[in-house]
Amino acid sequence: MKIATILGARPQFIKAAPVSIAMREAGIEEYIIHTGQHYDFEMSQVFFDELGLPAPNVNLGIGSGSHGLQTGRMQEQIERVLISQDPEKVLVYGDTNSTLAGALAAVKLHLPLAHVEAGLRSYNRTMPEEHNRVLTDHCADFLFCPTETAVKNLASEGILAGVFQVGDTMYDAVLMFREIAARRARILAEFGLAAGKFALATIHRPYNTDDPQKLKTILAALSAHDETVIFPVHPRTRAKIENLSDGVIRGNLKLVPPSGYLEMLMLIENARVVITDSGGVQKEAFFLKTPCLTLRPETEWVETLAGGWNRLVDVTNENILFHLAQSGPLEPIQMSPFGEGDAARQIVSYISRS
C-alpha cells in the first residue's frame, strides 16, 4: 500500500512523526509531499532531523504568499504529484493551507482522503484555519478525531460515516520524545534558566500580530512582567515586530530564534507558565502539566480548559499581567481526554485495512 502524506508547517511535522513511524513498522510505503509552506530551517528541516521523519520525497517550495495564491499554487503542484505517483490514499493533518490544498487535490482526483485531527471547531469564522478544517472534514473519507468533542462536532454537521476517535498524535509525540528531549536539549542552560522560574511566550496568529496596537499591548505586558519571559519568535511575527516603533521590547522579555521540537518540549515543561495563541502549544502545555494562558477569545481545544490549566485571556495589558501573576494550585488532571498515546497505531490500522 502506498500513502501520500502532505505536510507543510511545523505542527504537521510533529503530528506526522508517530504516524510515519507506525507506517514504516506496518510495511506501508509513505510518499511525503512537503509543500514548503514553512521553509526556514528553524521551522522545517530541524523538525525532520529531530523527529526522525524521512526526508520528503518532494519539496514543492511554494513559500509564503496570500492565502489564495499560496493555496492555489499548492493545489496545482500537489495534483501533479498525485497523478504521477497514484497513491491508494492521501493523508493530511490539521488546518493549514497545505491541509486544504491537499484535500482539494485528492478529492478532485477521487483519491480516498484521510484527515488527522478532524472535527475541531473554534466557531470563529474570521480564522482561516477554521475554514480550512471545516472544508477538509467535508471532503474526507477517514476522519481521525483526537477527542470525543471532535466526534460530536462532526455529528452536529451530519458527518457520521468514516469517523474514528483515536486520540491525538501530538500526545503520542510528547510521550515518544519527552525523555529524548530531557537527555539532549540544552536550552535551559543556554539561556541561563531555572525550572519554574521563567515564562514562555509564543505568538504568531494574525488575530494578534496583524493589529499593531494589539501586538504592542502584548509586548508591553510581557516586558512589564517581573520574571524572565522567553519568546521564540516565529519569522512572521518577527517581521511584524520589526515594523513597530522602537522601545516595545524592554525589561525581562527576551526574543530568541525559533526553537526545535525537543527544545520546545523542555521550555514548555520547565516554564512556570506559557503564554500563547498556538493550538499545538496549548495542548503540549496541558500534556506536560504547565499552566497556559491563551491570548484568544476562544479555543478549539476546549478540553485544555479543565481545571484551569488553560485560560482564555483578553488582550489588554491589565488582563495579561493579572493572569501572569496567578500561580495558585490547579486541579489535578485525572485522565487524558486525548487518548492513551496510541493514536498513530490506530490510524495506520484503519487506513491499512480499509
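Only a predicted model underlies this, so the values are computations on that prediction, with no experimental measurement involved.

As for the overall build of the protein
- Looking only at helices and strands, the protein features 15 helices and 13 strands.
- Against the globule reference of 20 Å for 354 residues, the protein gives a C-alpha radius of gyration of 20 Å, in line with a compact fold.
- When the backbone C-alpha atoms are referred to their principal axes, the protein occupies close to 55 × 45 × 40 Å.
- Taken across its 354 residues, the protein has 57% of its residues classed as buried.
- Counting contacts in the protein only where the partners sit at least 6 residues apart, residues at least 24 apart contribute 70% of the total.

Side note on empty space enclosed by the protein
- The full count for this structure, using the stated rule, is 1 cavity of 30 Å³ or more.
- For the largest cavity, the calculated volume is near 40 Å³.
- Residues belonging to the lining of the largest cavity are distributed by class as follows: 5 nonpolar, 2 polar and 2 charged.

Re the pattern of salt bridges
- The tally for this structure, following the rule as stated, stands at 19 salt bridges.
- With a closest N to O distance of 2.6 Å, Asp95 and Arg133 form a salt bridge. Residue Asp95 is located in the loop between strand S4 (89–93) and helix H4 (97–108), and its partner Arg133 is located in helix H5 (residues 128–139); the two are separated by 38 residues in the primary sequence.
- Each member of the salt-bridge network shares a partner with another, and the members are Asp95, Glu129, Glu130, Arg133, Arg205, Arg296, Glu298 and Glu300.

Side note on the sheet that holds strand S7 (residues 163–165)
- Read from one edge to the other, the open sheet built from 7 strands follows the order S3-S2-S1-S4-S5-S6-S7, with strand pairing classed as parallel. Where the open sheet ends on each side, the last strands, each with one partner, are strand S3 (58–59) and S7.
- Note: strand S2 (residues 29–34) against S3, 2 bridges, orientation parallel. By the bridge assignment, His34 is partnered in S3 with Asn59.
- Contacts from H5 reach S4, strand S5 (113–116) and strand S6 (142–145), with the element oriented near 140 degrees to S5.

Some words on the packing of helix H10 (residues 212–224) against helix H14 (residues 317–325)
- Where H10 contacts H14, the axes come no closer than 9 Å and their chain directions differ by 35 degrees. You can see that H10 and H14 cross each other, and the crossing is right-handed. On H14, the residues that touch Thr217, Ile218, Ala220, Ala221, Leu222 and Ala224 of H10 are Asn317, Ile320, Leu321 and Leu324.

Quick look at a nonpolar patch on the surface
- There is a patch of nonpolar side chains on the surface, built from Val302, Leu305 and Leu312 and spanning about 200 Å² of accessible area.
- Mapped onto the elements of the fold, Leu312 is located in strand S13 (residues 310–312).

Considering unusual backbone geometry
- Not every positive phi belongs to a glycine, and Asp86 is a case in point at roughly 50 degrees.
- Relative to the helices and strands, Asp86 is located in the loop between helix H3 (67–85) and S4.
- Residues other than glycine seldom take positive phi values, yet Tyr123 does so here, at roughly 60 degrees.
- Secondary-structure assignment places Tyr123 in the loop between S5 and H5.
- Tyr123 gets classed as exposed once you look at its relative accessible area, which sits at 55%.

Some points on H10
- Between its first and last C-alpha, H10 extends 18 Å over 13 residues, near the 18 Å set by a 1.5 Å rise per residue.
- Every buried residue of H10 is listed here: Lys214, Leu215, Thr217, Ile218, Leu219, Ala220, Ala221, Leu222 and Ser223.

Some details on the sheet that holds S13
- One open sheet accounts for 6 strands, arranged S10-S9-S8-S11-S12-S13; its pairing is parallel. Each edge of the open sheet is held by one strand with a lone partner, namely strand S10 (253–256) and S13. With strand direction ignored, the average angle separating the axes of adjacent strands in the sheet is 20 degrees.
- Pairing of strand S11 (residues 273–276) with strand S12 (residues 292–294) involves 3 bridges; the strand directions are parallel. Its bridge partner lying in S12, Val274 is registered against Cys292.
- The strands that helix H12 (residues 261–270) touches are strand S8 (198–202), strand S9 (228–232) and S11; relative to S8, the one it contacts most, it runs at about 130 degrees.

What counts and how
Residues numbered from 1 in each chain as written. Predicted model: local features only at pLDDT ≥ 70, side-chain atom pairs only at ≥ 80, totals over all residues. Heavy atoms only, no water. Helix = DSSP H or I, 4+ residues; strand = E, 2+ residues; numbered from the N terminus. Rg over C-alpha atoms; globule rule 2.2 N^0.38 Å. Buried < 20%, exposed > 50% of the residue type's maximum accessible area, 1.4 Å probe, protein only. Contact = heavy atoms within 4.5 Å. 1 Å grid on protein atoms, 1.4 Å probe; cavity = no way out; pocket = protein on both sides within 12 Å on 5 of 7 lines; lining within 4 Å. Points joined across faces, edges and corners; volume = space filled by probe spheres on them. Nonpolar A, V, L, I, M, F, W, Y, C, P; charged D, E, K, R; others polar. Salt bridge = Lys/Arg side-chain N within 4 Å of Asp/Glu carboxyl O. Pairing = 2+ DSSP bridges. Axes fitted to C-alpha atoms, helices over the stretch in contact; angles between N-to-C directions. Left-handed = near helix turned anticlockwise from the far one by under 90°. Patch = residues over 30% accessible without salt bridge, like charges linked within 9 Å, V, L, I, M, F, W, Y side chains within 5 Å. Areas by Shrake-Rupley, 256 points an atom, 1.4 Å probe, with all protein chains shown as cover. Expected span 1.5 Å × (residues − 1).

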